[in-house]
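Examination of the molecular architecture
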Amino acid sequence: MKIPFLIFFQIILIQSVSAQDKKYDHVLKQMGSRFDISVVASSEEKGNKYIDIAITEIKRIEKLISSWDKHSETSKINHNAGIKPVKVSKELFDLINRSIQVSKITNGAFDISYASMDEIWKFDGTMTEIPSAEAIKKSVEKVGYKNIILNDNDQTVFLKHKGMKIGFGAIGKGYAADKAKKLLQEKGVRAGLINASGDLNCWGKQPDGQSWKAGIINPLNKNKIYSWFDIDNQAVVTSGNYEKFIYFDGKRYSHIINPKTGYPANGIVSATVFAPKAELADALATSIFVMGASVGIDLINQLKGVECVIIDDNNRIHNSKGIQFKNIINSKKN
Ligand code: ADP
Ligand code: MG
């Protein structure tokens, strides 16, 4: 879905530059989202070269996972739902496999086969009324990660039922950020940050030696940061924000669907997850919307190296065990 530019206030990055190595920035629109790429390099020429490498990589991933592009591997899988298994690249096979692992640990809250619901719920402003209970019921029958059949030997993916679909809306941007980071590290780039509309991964330090920083917005004053975090060689992903909801009859619906009910999740305004990889953080941030704050925190507390901060509908802040807030500005704490 198209993402309003306002989301970028969700994560605000401190900019800084030093004498020798400099930070070079580039903004591009990809996967329907804004990507901010920053690399630290010794010259503008090198900086631009690295930025181009990242752009090419992000575009390559979009081609692989897009369900809009009818020639993508993902579209082939969807097209053959209920018909036959489709042989795919190892990269896509592995991504689907990992997505299913996340479904398992989240007890089905995260489910790439949510995608058949895209025909029912539209969050791009074109929906004029809430879909009927019957339409939702019919559509949700096609959702279920257990019906995504992977065959390791043949490297095939088969969606068991006609009308089933997979989509990477909740994990793709995180995956792209990880892959761009990995590639740049392999090219010897000593520091950088890839921010895919609030899904970011970084490595190294800024030119002045400081860590990269991410801020969580203060729910009571959206122009202010509630707390800053140093982020060192890790990913931070925020799902949802104050703009990405639709209202019907005064009720607020998010664009994240509960795969069990077929209805959009509510109760949470934003979920920020810290993890070694943006892919996992992205998937978990989405899952938290469906699981709710307390189940979400319980899960995150069991995962090593993963932390989260959740803001609920009542502007209350919930956090996992390892979170330490700095410079807290007035807000309700749960
Ligand atoms: P954001 O765009 O705020 O970063 P997310 O990463 O949470 O959002 O992804 C939301 C997108 O994920 C939705 O627009 C939809 O494409 C897809 N999606 C919705 N519900 C689910 C779900 N339960 N599991 C997996 N993907 C989902
Ligand atoms: Mg996500």
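The notes below deal with the structure included here. (Residues numbered from 1 in each chain as written. Chains lettered and ligands numbered in written order. Predicted model: local features only at pLDDT ≥ 70, side-chain atom pairs only at ≥ 80, totals over all residues. Heavy atoms only, no water.)

**A look at the coordination of the magnesium ion (ligand 2)**
Our working rule: The donor set comprises N, O and S atoms within 2.8 Å of the metal, extended to 3.2 Å for Na, K and Ca; water molecules are omitted, so apparent gaps in a site may simply reflect that omission. Comment: elements are numbered from the N terminus, with helices defined as DSSP H or I runs of at least four residues and strands as E runs of at least two. Whether a residue is buried, partly exposed or exposed follows from its accessible area with a 1.4 Å probe, protein chains only, as a fraction of its type maximum: under 20%, in between, or over 50%, in that order.
Distances from the magnesium ion (ligand 2) to its protein donors, A170 (O), D282 (O), D282 (OD) and T286 (OG1), fall at 2.0 to 2.5 Å. Of note, the magnesium ion (ligand 2) draws all its donor residues from one chain, in the sequence arrangement A-x111-D-x3-T. Taken together, the residues A170 in the loop between β5 (156-159) and α5 (172-186) and T286 in helix α6 (residues 278-291) connect sequence positions 116 residues apart. T286 shares its class with A170; the two are buried.

**Examining the sheet that holds strand β2 (residues 33-41)**
Let me state the cut-off plainly: For two strands to be treated as a pair, DSSP must find no fewer than two bridges joining them. Angles here are taken between N-to-C directions and fall from 0 to 180 degrees, while the axes themselves are lines fitted to C-alpha atoms, restricted in helices to the stretch in contact.
Ordered in space as β1-β2-β6-β7-β10-β13-β14-β15, the eight strands form an open sheet in which the pairing is antiparallel. The open sheet has two edge strands, β1 (22-30) and β15 (317-319), and neither has a second partner. Sheet twist, expressed as the average angle between the axes of neighbouring strands with direction ignored, equals 10 degrees. One ladder, built from three bridges, connects strand β7 (residues 199-203) with strand β10 (residues 235-239); its direction is antiparallel.

**Points about the side chain of E91**
Defined as follows: Polar contacts, as used here, are pairs of N or O atoms within 3.5 Å; protein pairs need one atom able to donate a hydrogen and one able to accept it. Residues neighboring in sequence count only if both atoms are side-chain atoms. The contact criterion used throughout is that any non-hydrogen atoms of two residues lie within 4.5 Å.
With respect to the helices and strands, E91 occurs in helix α3 (residues 90-105). A polar atom in the side chain of E91 sits 2.5 Å from the side chain of Y175. Not counting residues within four places of it along the chain, the set of residues in contact with E91 comprises R60, I61, L64, Y175 and K179.

**A few points about helix α4 (residues 133-140)**
So the rule is basically this: What the arc describes is the spread of directions from the helix axis to the C-beta atoms.
Taken residue by residue, α4 has I136, S139 and V140 as its buried positions. Projected down its long axis, α4 shows its buried positions confined to an angular sector of 95 degrees, all on one face. Opposite its buried face, α4 presents the exposed residues E134, K137 and K138, each directed more than 90 degrees away.

**Describing the nonpolar core**
Applicable threshold: The definition of a nonpolar core used throughout is a set of buried Ala, Val, Leu, Ile, Met, Phe, Trp, Tyr and Cys residues joined through side-chain atoms within 4.5 Å.
By size, the foremost hydrophobic cluster in this structure holds 91 residues, and its most contacted members are I96 and I148. Setting aside residues no more than four positions away along its own chain, I96 makes contact with I77, I112, I148, L150, V157, I166 and F168. Core analysis: the second largest hydrophobic core is formed by 14 residues, Y114, A115, M117 and F248 among them.

**Focus: the sheet that holds strand β4 (residues 148-151)**
Taken together, the three strands give an open sheet; going across it, the order is β3-β5-β4, and neighbouring strands pair in antiparallel fashion. On the outer flanks of this sheet lie β3 (86-87) and β4, each paired with one strand and no other. Both β4 and β5 contribute to a ladder of four bridges, which runs antiparallel. Pairing of L150 across the sheet is with V157, part of β5. The strands touched by α3 within the sheet are β4 and β5, with β4 carrying the most contacts at an inclination of about 130 degrees.

Read these as geometric descriptors, not functional statements.
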